[in-house]
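Structural overview for review
Below, each chain spelled out in residue letters.
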Amino acid sequence: MNKTIIITGGAGFIGSHVVRLFVNKYPDYNIINLDKLTYAGNLENLKDIDKKSNYEFVKADIVDQIAINKIFEKYKPDAVIHLAAESHVDRSISNPTEFIFTNIVGTINLLNAARTVWGSDTINKLFYHVSTDEVYGSLGKEGLFYETTAYDPKSPYSASKASSDHLVRAYNHTFNLPVVISNCSNNYGPNQFPEKLIPLAINNIKNMKPIPIYGKGENVRDWLYVVDHANAIDKIFHDGKIGETYNIGGNNEWQNIDLIHKLCEVMDKKLNRKQGTSESLITFVKDRAGHDLRYAIDSSKLKNELGWEPSLQFEQGIVLTVDWYLNNNKWLENVVSGDYKMYYEQMYTNRN
Ligand code: NAD
Ligand code: TYD
């Protein structure tokens, strides 16, 4: 079936994998990538598909209601997959307000635009909100997050995402807007901005720079390969029930320090360095303020109801990830130096 889908944040890490999947897998869908291109947005991520006839990029800020309304009026989307966000916890500690604008005001602007353009005709329409497991707060050594776990966000980032989830549910309840939400655990894989733990550590190990480990490295995260997340989004987009929430997880918990040991081992092999070389770079630094101890997801609802499971073991995913960063040196260099911003200028200035 022909559909027009606006994917927000499509130039970011997870968004670019979702855009690629939908553009390639559904030639009958028109995919509109709506992105502001903040520091985290990089159109180089989509070089392989950006000439396809069912793909279009639109530069816009979701905080700008007027601009968003115009775009919705122009494209009359059948669906929205909303990924655009400020996504880094450390940045939310140094500049919380930016997170309120993008994650909360930006989300309500998109909800308003969808409501306006769809009116009461919401058959076959969908507002898919992509969220995080961090809204559930922090676990102790035991237990898992379920879809029914009470929200208890602890960082400005997770509080802003929790707020956006509540607004999405409120628009479903109050205005019958057809929505679905997924809450996913930590992603890793190609194209992740090197401010997050895994790509930051890969880049530092490559350059023989210290690997900063917050506190004692005891915090636990559940890691999912980004392509598996994109596949879960595809599944939920097509088969998920309106008004429902689905947890997405990798069933793959690692203490940060153990994960870094594993990464060091893989990197030493790939770089033909003596085993132990990378480990010597591990440096314990001051802990993050309010650092959540542990996240762990129960994704059995998604498995039982929609048949989704992660396809990759972490041991495979981490090798694929390291290979990607080592083979895409230019991407990494451009991101670190800021040169990636020129890609937009070259591709899109004076084009319209
Ligand atoms: P990212 O930071 O890599 O990308 C965010 C994208 O949103 C960028 O392309 C950026 O330019 C765009 N954006 C930011 N502000 C915008 C604005 N005001 N208007 C339009 N576009 C804007 O993020 P990511 O890691 O790919 O995360 C994508 C989504 O998935 C987020 O909603 C995040 O909360 C959620 N999520 C992320 C993870 C993870 O591990 N990274 C896990 C679960 C859920
Ligand atoms: P991060 O990738 O920022 O994701 P999140 O905070 O959303 O889980 O961090 C993953 C874990 O790694 C988290 O416990 C914080 C820790 N961490 C470090 O120890 N050092 C670092 O340099 C970074 C960026 C994160």
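Definitions and limits used
Residues numbered from 1 in each chain as written. Chains lettered and ligands numbered in written order. Predicted model: local features only at pLDDT ≥ 70, side-chain atom pairs only at ≥ 80, totals over all residues. Heavy atoms only, no water. Helix = DSSP H or I, 4+ residues; strand = E, 2+ residues; numbered from the N terminus. Buried < 20%, exposed > 50% of the residue type's maximum accessible area, 1.4 Å probe, protein only. Contact = heavy atoms within 4.5 Å. Areas by Shrake-Rupley, 256 points an atom, 1.4 Å probe, with all protein chains shown as cover. Lys, Arg positive; Asp, Glu negative; His and termini not counted. Charge placed at Lys NZ, Arg CZ, Asp CG, Glu CD. Phe/Tyr/Trp six-rings, centres within 6.5 Å; stacked < 30°, edge-to-face > 60°. Lys NZ or Arg CZ within 6 Å of the ring centre and 35° of its normal. Near = heavy atom within 4 Å. Polar contact = N/O pair within 3.5 Å; in protein donor to acceptor, adjacent residues only side chain to side chain. Nonpolar A, V, L, I, M, F, W, Y, C, P; charged D, E, K, R; others polar. Salt bridge = Lys/Arg side-chain N within 4 Å of Asp/Glu carboxyl O. pLDDT = per-residue confidence, 0-100. Arc of directions from axis to C-beta.

In this section: the overall build of the chain. What the chain contains, in helices and strands, is twelve helices and twelve strands. Principal-axis analysis of the C-alpha atoms gives the chain an extent of 65 × 50 × 40 Å. Split into buried and exposed, the 352 residues of the chain put 56% on the buried side. Counting only contacts in the chain whose residues sit at least 6 apart along the sequence, the fraction spanning at least 24 positions is 82%. Looking at the chain as shown, the accessible area adds up to about 15200 Å², and 50% of this sits on carbon and sulfur atoms. Side chains of the chain give 38 positive and 42 negative charges; the mean places of these two sets differ by 3 Å.

Attention shifts here to the packing of aromatic side chains. According to the stated counting rule, one finds 16 aromatic pairs in the structure shown. Look at Trp324 and Trp331: their rings are 5.1 Å apart centre to centre, the planes differ by 70°, and that puts the pair in the edge-to-face class. By the burial criterion, Trp324 is buried, and Trp331 matches it. What links up through ring pairs into an aromatic cluster is the set Tyr188, Trp223, Tyr225, Trp254 and Phe314. One cation-aromatic arrangement involves Arg91 over Tyr39; the distance from NZ or CZ to the ring centre is 3.4 Å. The aromatic ring of Phe175 is capped on one face by Arg115, whose charged end is 3.6 Å from the ring centroid.

Around ligand 2, 17 residues are found, and the nearest of them are Glu134, Pro212, Arg221, Arg288 and His291. Note that an oxygen atom of ligand 2 is positioned 2.7 Å from one of the side-chain N or O atoms of His291. Taken by itself ligand 2 offers 510 Å² of open surface, and the protein chains cover 97% of this. Tallied by class, residues from the shell around ligand 2 come to seven nonpolar, five polar and five charged.

Within the structure, ligand 1 sits among 29 residues, and Ile14, Asp35, Ser87, Tyr157 and Lys161 are positioned closest to it. Between a nitrogen atom of ligand 1 and a main-chain N or O atom of Lys36, the distance comes to 3.1 Å. Between ligand 1 and Thr38 there is a distance of 3.0 Å, counted from an oxygen atom to a backbone nitrogen or oxygen. For the shell around ligand 1, the secondary structure elements donating two or more residues are helix 1 (13-25), strand 5 (126-132), helix 5 (156-175) and strand 7 (186-188).

This paragraph deals with the pattern of salt bridges. Where charged atoms from two side chains of opposite charge approach closely, those side chains can pair. Tallied over the entire structure, the rule returns 16 salt bridges. Among the salt bridges present, the one from Glu73 reaches Lys76, with a minimum N-O distance of 2.8 Å. In this structure Lys76 comes out as partly exposed when scored by relative accessible area, which is 49%. Put simply, Asp323 and Lys270 hold a salt bridge, and the shortest N to O gap is 3.0 Å. In this pair, Asp323 is assigned in helix 10 (residues 314-327) and Lys270 in helix 8 (residues 256-270), connecting sequence segments 53 residues apart. You can call Lys270 partly exposed: its relative accessible area is 36%. Residues participating in the shared-partner salt-bridge network are Lys262, Glu265 and Lys269.

For the rest of this paragraph, the subject is the confidence of the model for the chain. Across the chain, the average pLDDT comes to 96, with 98% of residues at 70 or higher. Confidence, read as mean pLDDT per element, is least for helix 12 (residues 341-348) in the chain (72) and greatest for strand 4 (residues 79-82) (99).

Within the sequence span of helix 2 (residues 65-75), burial applies to Ile68, Ile71, Phe72 and Tyr75. One face of helix 2 carries all of its buried residues, which in axial projection span an arc of 95°. Those residues of helix 2 that are exposed and aimed more than 90 degrees away from the buried face are Ile66, Lys70 and Lys74. Packed against the buried residues of helix 2 are strand 1 (3-8), strand 2 (29-35), strand 3 (55-59), strand 4 and helix 4 (96-118). Two residues or fewer past helix 2, Lys76 is found with a positive phi of approximately 45°.

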